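A structural walkthrough
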Amino acid sequence: MKKNILFLALAIVALCSQGRAQLSYSETNHLFYHTLRTPQSTLDNVALFPTNNTFYIMFPGVDMQFSGPLKFNDIVYYDKSSNRTLINLDTIFRSMNESNDFHVGADINLFGFGFKAGNNFITFNTRLVNNVNMCLPTETINTILHGNMDENNAVIPEIEMLNGDILNVTSYLETGIGYARYIPSIDLTVGARVKLLYGVANVQTDNTKIVFNSNTDSLSANLYYEIQSSTFAPYDTNQKKFIFNVGDILSNANTGLSFDLGAKYDFGPFTFSFAINDLTAGIHWKHNVTTWKPQAGQGVITFNGLDVSTMLNNGVFSTDSLSNYLNDQFESMKPTQENEGDYWFSIPTKLNIGASYSFAKILRLGLLLHGQFDRGLLCKSSNKLDLSIANTFRFNTTLSLGANLYNWAEIIVGSSVVHDGSGWDFFNPGIGIVLTPATVFQLYFMADYVSSFYLIESKAFNLKFGINLLFGKGGRSKVYGI
């Protein structure tokens, strides 16, 4: 019986991985926050501006994030006895018991610029944000590991494997214009930024539920799911392909507004700062909205065992027979496609509270408290926008030390303590290098939130790199960068 439920569990996970757990986004790179030379800190706090320049241009740069519950050597291992590299399923599933959130992100900073006029700062940026989030609930992993038997080896008659939402794929274009003003009398800078959000694609699941019913004779699973999407390239079930239309991109109605607020206060060698970013309800998805659900009266899978003899043809295993068998087993999972009106999906709101101290004229010690609110689907109708939906609040603390070397090189090292909403991770080192060899031309590279220096032991990392051009003399810091 345990083998039967393992087969059914693996099959459903393979076919229904589009199905809610508590989705969350991985951390973005924060080592740039306390640098006073790079424009990238302006993206984290609109009140920050490069101290040495009056005008900058940000060329395309990349910010990549990855996080998951597995290390590389949780997935594969080397067997000395057979001289082979193998995949260990048991290790994979047991390693996923603690945290089962997977995230892959790729933010592309397409273009940006900023300039200073007297005590006023104007900034502009546009970037493409891409996130893939998936969470496999602990109940699913436990079912795969232990089957339908409890610790007393008794059959569990009903097991709820999934209940919620385990997948979200989001891509959107963000364009922001910011303004900040420095008040010399009190050494305070305050600013705000408005951002237009332009949704490219969103796929997310809602109201998904899988329940196992088991006894000594047979197994069955009741399955219900809703996969909702909005994209400029919808899937045509008749032609069985995605239809790409450039006109749909230009007329895309998936939009939203977002706001950033920031402040910076200088007190001798100390600098204190505060920012709240992406104050928004999210993006209103209403273009090519489609929902896939099980067909009416379907959604039940029954497994009474596998007749191996039907898989054989003159003693040879037949892949066609296996394919036909699987098609019959999962016939009830075939979806029906419905066109629906609209829905709102949130963008995480971020909070940054920073403090730094400059000493020895070349060093800067920084502390950053970062918080993030993740919500997800807010409503399925623009008339019922629900901002009271419970948040998952995640936060981390980053301690960094930056050294300015002869005004053309800056090195930043740091480490973060991270709480992802379910557990703590106390060691996440990072390192960054900013090179400005020709005064105008600037290269930057950072690796942050690396959970282990030994890469095959790492469960998370964040890379950022790109190019800036810097012009003008902005007045160097009195205590940092002389």
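Note that the coordinates shown come from a computational prediction; the quantities given were computed from them, not determined experimentally. (Residues numbered from 1 in each chain as written. Predicted model: local features only at pLDDT ≥ 70, side-chain atom pairs only at ≥ 80, totals over all residues. Heavy atoms only, no water.)

Brief notes about the overall build of the protein
Rules: Secondary structure elements follow DSSP: runs of H or I no shorter than four residues count as helices, runs of E no shorter than two count as strands, and numbering proceeds from the N terminus. Each residue is placed in one exposure class: buried if its accessible area under a 1.4 Å probe, protein chains only, is under 20% of its type's maximum, exposed if it is over 50%, and partly exposed if it falls in between.
A count of helices and strands for the protein gives 7 helices and 31 strands. A buried classification covers 47% of the 482 residues belonging to the protein.

Some remarks on the environment of Thr398
The test is simple: Residue contacts are defined here by distance: any two heavy atoms, one from each residue, within 4.5 Å place the two residues in contact. Counted as a polar contact is a pair of N or O atoms within 3.5 Å, where, for protein atoms, one must be capable of donating a hydrogen and the other of accepting one, and residues adjacent in sequence contribute only when both atoms are in side chains.
Mapped onto the secondary structure, Thr398 falls in strand β27 (residues 392-405). Separated by 30 residues in the primary sequence, Thr398 and Leu368 have C-alpha atoms spaced 5.1 Å apart. Sequence-distant contacts of Thr398, defined by excluding residues within four places in its chain, comprise Leu31, Gly366, Leu367, Leu368, Ser415, Ser416 and Tyr449. At a separation of 2.6 Å, a polar atom in the side chain of Thr398 contacts the side chain of Ser416.

Observations regarding the pairing of strand β31 (residues 460-471)
Defined as follows: Note on pairing: two strands pair once DSSP finds at least 2 bridges between them.
Sheet topology note: the strand β1 (residues 55-58)/β31 ladder contains 4 bridges and is antiparallel. By the bridge assignment for β31, Phe55 is matched with Phe471. Bridge count for strand β2 (residues 61-67) against β31 is 6 bridges, and the pairing is antiparallel. By the bridge assignment, Val62 is partnered in β31 with Phe465.

Observations concerning the pattern of salt bridges
Rules: Basic side-chain nitrogens of Lys or Arg form a salt bridge, by our definition, when they fall within 4 Å of a carboxyl oxygen of Asp or Glu.
Tallied over the full model, the rule gives 9 salt bridges. In this structure, Arg193 and Asp260 form a salt bridge, with 3.0 Å as the shortest nitrogen-oxygen distance. Taken together, the residues span a long stretch of sequence, with Arg193 in strand β9 (residues 188-205) and Asp260 in strand β15 (residues 255-267) at a distance of 67 residues. Among the residues examined, Arg193 registers a relative accessible area of 4% and is labelled buried. Look at the salt bridges and you will find they share partners, linking Asp107, Arg127, Glu174, Arg193, Lys195, Asp260, Asp278 and Lys350 into a network.

A look at the packing of aromatic side chains
Basically, it comes down to this: Working definition: a ring pair exists when centres of Phe, Tyr or Trp rings (six-membered ring for Trp) sit within 6.5 Å. Plane angles under 30 degrees give stacked, over 60 give edge-to-face, the rest tilted.
Counting across every chain of the model gives 10 aromatic pairs. Residues Phe49 and Tyr56 carry aromatic rings whose centres are separated by 5.5 Å and whose planes lie at 50° to one another, so their mutual orientation is tilted. The exposure class assigned to Phe49 is buried, which follows from its relative accessible area of 10%. Geometrically, the ring pair formed by Phe270 and Tyr357 is tilted, given 4.8 Å between the ring centres and 45° between the ring planes. Taken together, the residues span a long stretch of sequence, with Phe270 in strand β16 (residues 270-279) and Tyr357 in strand β24 (residues 349-359) at a distance of 87 residues. Joined through ring pairs, the aromatic side chains of Phe270, Phe272, Tyr357 and Phe359 make up one cluster.

Thoughts on the nonpolar core
Test applied: Think of a nonpolar core as a cluster: buried Ala, Val, Leu, Ile, Met, Phe, Trp, Tyr and Cys residues, connected wherever their side-chain atoms sit within 4.5 Å.
By size, the foremost hydrophobic cluster in this structure holds 10 residues: Val129, Tyr172, Leu197, Ile283, Trp285, Val289, Tyr343, Phe345, Ile347 and Leu377. Looking at this core, the elements that each hand over two or more residues are β17 (283-285) and β23 (343-345).

Some thoughts on the pairing of β15
The sheet contact formed by β9 and β15 spans 11 bridges and is antiparallel. Directly across from Lys195, in β15, lies its bridge partner Ser258. Relative to β16, β15 runs antiparallel, the two sharing 8 bridges. Bridge pairing in β16 places Phe267 opposite Phe270. Taking the residues between adjacent antiparallel strands as the criterion, β15 and β16 are bridged by 2 residues, where Gly268 takes a positive phi near 65°.

Some words on the confidence of the model for the protein
Here is the rule we go by: Looking at any residue, its pLDDT shows the predictor's confidence there, from 0 to 100.
Mean pLDDT for the protein: 75, with 61% of residues reaching 70 or above. Least confident of the elements in the protein is helix α1 (residues 2-15), whose mean pLDDT is 41; most confident is β16, at 94. Contacts from residues 1-27, a stretch scored under 50 in pLDDT, to residues over four places away or in other chains number 113 contacts. Scored below 50 in pLDDT, residues 476-482 makes 28 contacts in the model with residues more than four places away or belonging to other chains.

Comments concerning unusual backbone geometry
Of note, Asp187 is a non-glycine position whose phi angle comes to about 55°, a positive value. Within the element layout of this structure, Asp187 appears in the loop between β8 (167-183) and β9. Classification of Asp187 as partly exposed rests on a relative accessible area of 29%. Even without being a glycine, Asp278 presents a positive backbone phi close to 60°. Position of Asp278 relative to the elements: it lies in strand β16.

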